[in-house]
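For reference, the chains in residue letters:
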Amino acid sequence: MRDPAPWQRRYELIALWSLGFGVFSQYLFVGNSLGISAALFTCAFYGLFFYAIKGRIGGFDQWRGQSKSGWLLCLPVALLSLSYTLFNNELFHMLNIVVIPALVAAQTVLLSRSSTKPWFRTAFYQDVLYLSLIKPFSYFTVPFGLLVNRVSPQHNSGGKAGGGKVRRILLGLLLASPLLIVVILLLASADRIFMDLLNRLPEMFGDYSIRTLFTRTVLAVFISVFTFSYLWTLLFRRTDDQWRDGSEGGTANAFSSAASAASRQQTPLSLDALTAGTLLISFNIVYLIFAAIQFSYLFGAANGLLPEGVAYAEYARQGFAQLVVVALINLVLLLSGLHFIRREGIVAECVRKLSLSMLVGCTVVMLVSAYSRLSLYESAYGYTQTRILVQGFMLFLGLILIASFIRIWSEHFSLAKAYIGLAVAAYIVINYVNVDAIIAKQNMIRFQDTGKIDMEYLGSLSTDAYPTLIKLQKEEPTLADAINNVKQSLKDEALERGGWPSWNLSVARVLNEE
């Protein structure tokens, strides 16, 4: 196993210290007013800056800095940072939120000689704005590239298949974490019991809710990545122009090496079995917990688990949209697991198939829960075309999952043929089930149960709903006048269709009705 070069180790350490800086910053600011935290934040940033800039570009270009003009800015930055500790003037506190970062940006650009313009010229401040507010965003992927490159089994084991298992597991967790956070948030917003469970988990670490932890995490990650990207901008700023005239070849070569290190892992897209298994197991653990909650809901046991102040009826008919989104995410994970995981022996293959099968099972539970939730929602608020089509889409996803399950255990089963065939068949079925008639019928049943009906919406349906409206008029005399208005509107619309080339059975049924 080959150790990373000195310059590469330095950049990895800068990324690590940037992460520590982000975590420290969120601790200072989240839930706290600005006070001594401003001075501590400033000191921590300067410590990180001087560590990163010393011997810039791996020692090929020693740091000298513009000492006279640059060091003079230490005094105003220090005094303004301390003002948050010494005074409590709200106006100046607000202004200093802009002024202090501006002074820090100007000083760091001066000390790192990242601008060749004199500090008293307008062009210098244009460079400062560009380097501090625009250019760092182009380097946001660099710290992630360094991290993935560091834990990549190929990089750390010289390409050997038996590379460090710990690193492969870490890579799986690293790849799973961003999407897993999104999935957990979707599940939490879909299910109040799951949300309450998540809110209780952080209590062992303090009085935090899941929302607070999310805020802290996002803030820490953003500060970490932006700080690293800004430092990276200062480290490599001058190379942009020097490459054009061929000067300082050693500097350019060092930067090229750093860039290649961050992207070395760009080999044909596939994951080894251990990394992929870690990723899939991470999702399945969350889904098993969520599925257990859904089973309690489906069998009526969720009442005792509900947070205080949440009605069961309200809980049961919410969250179907989020569950459908998670099901789609799982379908993408399933397809990726089928096509982008390397085969590495009988045991690894068995783990892969079992993990994917569990993913299918948990997704089916989510679809069943989403379907039943939407049904309850329709019972409470009525049936519409969008809601009926969403239910049809859920059924289609269920068939897709069944086909995917067959493909997991049968390598010769053509998933593409199954998907295309199911899509064509589903589209034909949805055209022939007469959606508008279903909507009218279901709303009629709902009216008989609840006494509520939206005649205005029924009037927006096509002539396909006409027979159901006639039946409703006969069974519910109290709605006779409203239905007559709807029928007349449909007839007027039918008369405007034109001559015999526009003949339609559904329309003809309306015109011939006495």
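See above for the structure.
Anyway, here's the lowdown on the structure attached to this text. Please read all numbers here as calculations on a predicted model, not as lab measurements. (Residues numbered from 1 in each chain as written. Predicted model: local features only at pLDDT ≥ 70, side-chain atom pairs only at ≥ 80, totals over all residues. Heavy atoms only, no water.)

### With respect to the overall build of the protein chain
Line of reasoning, step 1. For the protein chain, the count of helices and strands is 24 helices and 0 strands.
Line of reasoning, step 2. Residues classed as buried in the protein chain amount to 44% of the 514 residues present.
Line of reasoning, step 3. If you take every contact in the protein chain between residues at least 6 apart in sequence, the share linking residues at least 24 apart comes to 72%.
Line of reasoning, step 4. Summed over all atoms, the accessible surface of the protein chain reaches about 27400 Å², with 66% contributed by carbon and sulfur. (Helix = DSSP H or I, 4+ residues; strand = E, 2+ residues; numbered from the N terminus. Buried < 20%, exposed > 50% of the residue type's maximum accessible area, 1.4 Å probe, protein only. Contact = heavy atoms within 4.5 Å. Areas by Shrake-Rupley, 256 points an atom, 1.4 Å probe, with all protein chains shown as cover.)

### Regarding the packing of helix α16 (residues 320-339) against helix α18 (residues 385-409)
Any two packed helices are characterised by how steeply their axes cross, that is the angle between the axes, and by the distance between the axes.
Line of reasoning, step 1. Viewed as axis vectors pointing N to C, α16 and α18 meet at an angle of 25°, and their least axial separation amounts to 11 Å. Judged by the inter-axis angle, α16 sits roughly parallel to α18. Note that α16 runs across α18; the crossing there is left-handed. Facing α16, whose interface residues are Phe 320, Val 324, Ala 327, Leu 328, Leu 331, Leu 334, Leu 338 and His 339, α18 presents Phe 393, Met 394, Leu 397, Ile 400, Leu 401, Ser 404, Arg 407 and Ile 408.
Line of reasoning, step 2. Of the residues belonging to the contact of α16 with α18, the class tally is 13 nonpolar, 2 polar and 1 charged. (Axes fitted to C-alpha atoms, helices over the stretch in contact; angles between N-to-C directions. Parallel < 35°, antiparallel > 145°, perpendicular 65-115°, else oblique. Left-handed = near helix turned anticlockwise from the far one by under 90°. Nonpolar A, V, L, I, M, F, W, Y, C, P; charged D, E, K, R; others polar.)

### As for the packing of aromatic side chains
Line of reasoning, step 1. Per the counting criterion, the structure on display carries 18 aromatic pairs.
Line of reasoning, step 2. When the ring of Phe 49 is compared with that of Phe 50, the centres are 5.1 Å apart and the planes differ by 65°; the resulting orientation is edge-to-face.
Line of reasoning, step 3. Centroid distance Phe 140 to Phe 222: 6.3 Å. Interplanar angle 65°. Geometry classified as edge-to-face. Residue Phe 140 is located in the loop between α6 (122-134) and α7 (142-151), and its partner Phe 222 is located in helix α11 (residues 210-236); the two are separated by 82 residues in the primary sequence.
Line of reasoning, step 4. Its relative accessible area of 41% is what places Phe 222 among the partly exposed residues.
Line of reasoning, step 5. Taken together through their ring pairs, the aromatic side chains of Phe 21, Phe 29, Phe 41, Phe 45, Tyr 46, Phe 49, Phe 50 and Trp 71 make up a single cluster. (Phe/Tyr/Trp six-rings, centres within 6.5 Å; stacked < 30°, edge-to-face > 60°.)

### Topic: the side chain of Ser 357
Line of reasoning, step 1. On the secondary structure map, Ser 357 appears in helix α17 (residues 346-381).
Line of reasoning, step 2. Those residues in contact with Ser 357 that sit more than four places away from it in its chain are Phe 405, Ile 408 and Trp 409.

### Some thoughts on helix α4 (residues 74-86)
Residue pairs three or four apart in sequence face the same way in an α-helix, which turns once every 3.6 residues.
Line of reasoning, step 1. With 13 residues, α4 should cover 18 Å at 1.5 Å per step; its first-to-last C-alpha distance of 18 Å lies within 8% of that length.
Line of reasoning, step 2. Within the span of α4, buried status applies to Val 77, Ser 81, Ser 83 and Tyr 84. The buried residues of α4 all sit within an arc of 140° when viewed along its axis, so they share a single face. Facing away from the buried side of α4, by more than 90 degrees, are the exposed residues Leu 75, Leu 79 and Leu 86.
Line of reasoning, step 3. Buried residues belonging to α4 abut α2 (36-53) and α5 (90-111). (Expected span 1.5 Å × (residues − 1). Arc of directions from axis to C-beta.)

### Considerations on the nonpolar core
Line of reasoning, step 1. Core analysis: the largest hydrophobic core is formed by 47 residues, its most contacted members being Leu 187, Phe 194, Phe 283, Tyr 287 and Leu 334.
Line of reasoning, step 2. Listed by contribution, the elements that provide at least two residues to this core are α9 (165-190), α10 (192-200), α14 (273-298), α16, α17, α18 and α19 (415-432).
Line of reasoning, step 3. With 10 residues, the single largest contributor to this core is α16.
Line of reasoning, step 4. Every residue in contact with Leu 187, bar those within four places of it in the chain, is listed here: Phe 194, Val 286, Tyr 287, Phe 290, Leu 323, Val 326 and Met 366.
Line of reasoning, step 5. Counting 35 residues, the second-largest nonpolar core is a separate cluster that includes Ile 53, Leu 73, Ile 223 and Phe 236. (Core = buried A, V, L, I, M, F, W, Y, C linked by side-chain atoms within 4.5 Å.)

### Examining a nonpolar patch on the surface
Line of reasoning, step 1. Together, Leu 34, Leu 91, Phe 92, Met 94, Leu 95, Ile 97, Val 98 and Val 99 make up a nonpolar patch on the protein surface, roughly 750 Å² of accessible area in all.
Line of reasoning, step 2. Residue placement: Ile 97 occurs in helix α5.
Line of reasoning, step 3. Given the relative accessible area of 44%, Ile 97 is considered partly exposed. (Patch = residues over 30% accessible without salt bridge, like charges linked within 9 Å, V, L, I, M, F, W, Y side chains within 5 Å. Salt bridge = Lys/Arg side-chain N within 4 Å of Asp/Glu carboxyl O.)

### Description of α5
Line of reasoning, step 1. Helix length check: α5 (22 residues) gives 31 Å between terminal C-alpha atoms against 32 Å at 1.5 Å per residue, within 8%.
Line of reasoning, step 2. Turning to α5, its buried residues number three or more, namely His 93, Asn 96, Ile 100, Val 104, Ala 105, Ala 106, Gln 107, Thr 108, Val 109, Leu 110 and Leu 111.
Line of reasoning, step 3. Backbone geometry just after α5 places Arg 113 at a positive phi near 50°.

### Re the packing of α2 against α5
Line of reasoning, step 1. Where α2 contacts α5, the axes come no closer than 12 Å and their chain directions differ by 15°. In this view, α2 runs roughly parallel relative to α5, as classed from their interaxial angle. Viewed along their axes, α2 and α5 form a crossing whose handedness is right-handed. Residues Phe 45, Tyr 46, Phe 49 and Phe 50 of α2 form the contact with α5, whose own contacting residues are Val 104, Gln 107, Thr 108 and Leu 111.
Line of reasoning, step 2. Of the residues assigned to the contact of α2 with α5, the class counts are 6 nonpolar, 2 polar and no charged.

### Structural notes on unusual backbone geometry
Line of reasoning, step 1. Even without glycine at this site, Arg 113 takes up a positive phi of about 50°.
Line of reasoning, step 2. With respect to the secondary-structure elements, Arg 113 resides in the loop between α5 and α6.
Line of reasoning, step 3. With a phi angle near 60°, Asn 434 is a residue other than glycine that sits in the positive phi range.
Line of reasoning, step 4. Along the chain, Asn 434 turns up in the loop between α19 and α20 (435-450).
Line of reasoning, step 5. The class for Asn 434 is partly exposed, based on a relative accessible area of 25%.

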